[in-house]
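Next come the chains, spelled out residue by residue.
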Amino acid sequence: MCRRTRGSGPTLESPRCPHLHPLMPDSPVRVRFAPSPTGFLHVGGARTAIYNDLLAQKLGGVNILRIEDTDRRRSDEAMTRQIEDALRWIGVEWDEGPYLQSERLDRHLERAHQLLAEGRAYRAYETPDELDAERARLQKVGETFRYREGRSPLAADEIASRADAGAPFAVRFRMPSEPIRFVDLVRGEVEFLPEVFDDFILLRSDGSPTYHMSVVTDDIDMAVTHVIRGEDHLSNTPKHIALFERLGATVPTFAHLPMILGQNRKRLSKRSGAASVEEFRSQGILPQALYNYLALLGWNPGDEREVMSRETLVEAFTTERLNDSAAVFDPEKLAWMNAQYMSTLDLSEILSHAAPFLTAAGIGVADPDYLAAAVDLLRTRAKTLAELSELAATYFEENLAYDPELTAKFRSQEDLAEHLEQLAARYAAVEPFDKEGLERELRALAEALEVKAGQLIHPVRMALTGAKAGPPLFDVVELVGREATARHLANFVAHLRG
RNA sequence: GGCGCGUUCGUCUAGGGGUCUAGGACGCCGGCCUCUCACGCCGGUAACACGGGUUCGAAUCCCGUACGCGCUACCA
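Residues numbered from 1 in each chain as written. Chains lettered and ligands numbered in written order. Predicted model: local features only at pLDDT ≥ 70, side-chain atom pairs only at ≥ 80, totals over all residues. Heavy atoms only, no water.

Opposite charge on two side chains lets them pair, provided their charged atoms get close. Considering all chains together, one arrives at 32 salt bridges under this definition. Notably, a salt bridge pairs Glu130 with Arg162, separated by 2.6 Å at the nearest N-O pair. Highlighted residues: Glu130 in helix H4 (residues 128–140) and Arg162 in helix H5 (residues 156–164), separated in sequence by 32 residues. On the basis of relative accessibility, which here comes to 25%, the residue Glu130 falls in the partly exposed class. Here Asp132 makes a salt bridge to Arg135, at a shortest N to O gap of 3.5 Å. Of the two residues, Asp132 and Arg135 both sit in helix H4, three residues apart, roughly one turn of that helix. (Salt bridge = Lys/Arg side-chain N within 4 Å of Asp/Glu carboxyl O. Helix = DSSP H or I, 4+ residues; strand = E, 2+ residues; numbered from the N terminus. Buried < 20%, exposed > 50% of the residue type's maximum accessible area, 1.4 Å probe, protein only.)

So, about the sheet that holds strand E5 (residues 170–173). The strands making up a sheet associate through backbone hydrogen bonding, with each pair oriented either parallel or antiparallel. Read across the open sheet, the three strands follow the order E4-E5-E8; overall the sheet is antiparallel. Among the strands making up the open sheet, the edge pair consists of strand E4 (121–124) and strand E8 (201–203). Along the sheet, successive strands turn relative to each other by an average axial angle of 45°, direction set aside. Direction of pairing for E4 relative to E5: antiparallel, over a ladder of four bridges. Across the sheet, residue Ala121 finds its bridge partner in E5, namely Phe173. (Pairing = 2+ DSSP bridges. Axes fitted to C-alpha atoms, helices over the stretch in contact; angles between N-to-C directions.)

Here Asp69 shows up in the loop between strand E2 (62–67) and helix H2 (77–90). The exposure class of Asp69 is buried, given its relative accessible area of 6%. Within polar-contact distance, the side chain of Asp69 engages the side chain of Ser102 at 2.6 Å. (Polar contact = N/O pair within 3.5 Å; in protein donor to acceptor, adjacent residues only side chain to side chain.)

This next bit is on the environment of Arg229. Checked against the element boundaries, Arg229 lands in strand E9 (residues 226–230). Separated by 27 residues in sequence, Arg229 and His256 place their C-alpha atoms 5.3 Å apart. Separated by 2.8 Å, the side chains of Arg229 and His240 make a polar contact.

All right, on to helix H14 (residues 385–393) then. What H14 keeps buried is the set Leu385, Leu388, Ser389, Ala392 and Ala393. Taken around the axis of H14, the buried residues stretch over an arc of 135°, which confines them to a single face. Along its buried surface, H14 packs onto helix H11 (331–344), helix H12 (347–360) and helix H13 (368–378). (Arc of directions from axis to C-beta. Contact = heavy atoms within 4.5 Å.)

On to the pairing of strand E7 (residues 188–192), then. The sheet contact formed by strand E6 (residues 180–184) and E7 spans five bridges and is antiparallel. Along E7, the bridge assignment pairs Phe182 with Val190. In textbook terms, the turn of a hairpin is the stretch between consecutive antiparallel strands, and for E6 and E7 this stretch comprises three residues.

A few words on the packing of helix H6 (residues 211–221) against helix H7 (residues 237–246). What describes two packed helices is the angle between their axes and the distance between those same axes. Viewed as axis vectors pointing N to C, H6 and H7 meet at an angle of 50°, and their least axial separation amounts to 10 Å. One finds that H6 runs oblique with respect to H7. Considering how the two elements wind past one another, H6 and H7 form a crossing that is right-handed. Residues Tyr211, His212, Met213, Val215, Val216, Asp219 and Ile220 of H6 form the contact with H7, whose participating residues are Lys239, His240, Leu243 and Phe244. For the contact of H6 with H7, a count of residues per class yields seven nonpolar, two polar and two charged. (Parallel < 35°, antiparallel > 145°, perpendicular 65-115°, else oblique. Left-handed = near helix turned anticlockwise from the far one by under 90°. Nonpolar A, V, L, I, M, F, W, Y, C, P; charged D, E, K, R; others polar.)

Taken as a whole and judged by the stated rule, the model has 13 aromatic pairs. Pairing Phe410 with Phe492 gives two aromatic rings, centres 6.2 Å apart and planes at 75°, and the pair type is edge-to-face. Highlighted residues: Phe410 in helix H15 (residues 404–411) and Phe492 in helix H19 (residues 473–497), separated in sequence by 82 residues. Exposure class is identical for Phe410 and Phe492. Each is buried. Among the aromatic side chains, those forming a connected cluster through ring pairs are Tyr51, Trp299 and Phe317. Above the plane of the ring of Tyr147 lies Arg172, whose end atom (NZ or CZ) is 3.7 Å from the centre. Lying across the ring of Phe200, Lys239 places its NZ or CZ 5.9 Å from the centre. (Phe/Tyr/Trp six-rings, centres within 6.5 Å; stacked < 30°, edge-to-face > 60°. Lys NZ or Arg CZ within 6 Å of the ring centre and 35° of its normal.)

Taken by themselves, the reported measurements are silent on function.
Listed below in structure tokens is the structure:
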């Protein structure tokens, strides 16, 4: 198995392994991400998109976006738009598309009719109900129903008379009778025996193509070289391979990614918590963090790096380090990852991602420098942009409402109000109003009063932010400024005496 | 039921026959830093699903069992 050979061995990236490189060594790598428009982008899909992105970038290939909207009922333009937005937001790029599968209907039909004409497919006259009945019947006897040519539940003369009467028919693909083997980039060699093959449907009796017909047709026409998709398609792969072959096309290389599970160890879904890119976005997760986290969920660079930019991930990416077992999505670790980006990204970047959250928290951008300074002070203290905005909001309050429970211990300190008034007097005069001077004044006052500096620092923090913990106090005072500091101090003194 | 895939700390993972008294990360616990919180730093907790082989030696190779997941549609 090629993928088991590490180091100097043949790999996808060094195309010396014939199994892994069905195409000419110099033919360009073409991958595609083919979501169905369900109204949101699932994180499992997002991860698939990321690996496609990474591989295309790594190999200088082409990434294609194709919307599998053949199920008309749940497809519309807005949903397609939603997927594009989500991909763009998370940082996945594509070079071609989006193609809409529904717009390629003629082509799917053409190829299906070609197969029919060539005798690689045939007409089948059973109705879905009849097939269901047959399945149920065999089920009872402990057998499995598999549709192969000549094994119809219908009598031969019945089929003939339906055909003569021009009855509607489905078009079924004639599956080969040899085993189908392939080397999956993630799982190694996989084999399916002909005993389990079904002559599956290419065209429904209403003439519409099925998913299998459409995907393979599109993958051929789009010259896709590597199909990276979810494990749920592994069992469909023999069907697809047979179609590629009968259609005279080169079979692409497959990579089937394991599922992403929720905390409940079931496939991640809305029930098991946030499951879509949009949800994380609205929670205030940074796109870089989600991209990074998802890339690491099922892949690792082989060393101990974890926080990695897209560029670094591209440089480090190899399909041979893709994992083959399902992974549980861990929101805690995502939060940590996000915090990493919150504290290291350029402030301007944080600011632009935070803007909608800031607005939602009622924070205006009247003074961009003030906003930036506040965000900079708080960025290491928030795990999400939503938290950040919440924390920042108090820095924009005209007057703060103090929580009696939090201020109880200050109110029981007899001299505190008096001390704070003295501090306020010093702060009114200090020049310049910067943290060094502010600290000097406070410590000098503490010494004169014969109290510990903390005895003043903590109540001042409460006065200015309404919280018992937060950024270093003198940074806060400097930021808040002379005027607001005086106002908050006065309010707090009143609160203490009230 | 059939077929396919999987199983290392709670979670993400490293591991490719001896270097494994199993490494890293998240979480958790403790400490340092410190005006508090957070960041950061230091330390601790915790795992090879089970049973058989093969081998001088197995987390690693083989077989089986258990469990989980996927597919088994005129869904995609």
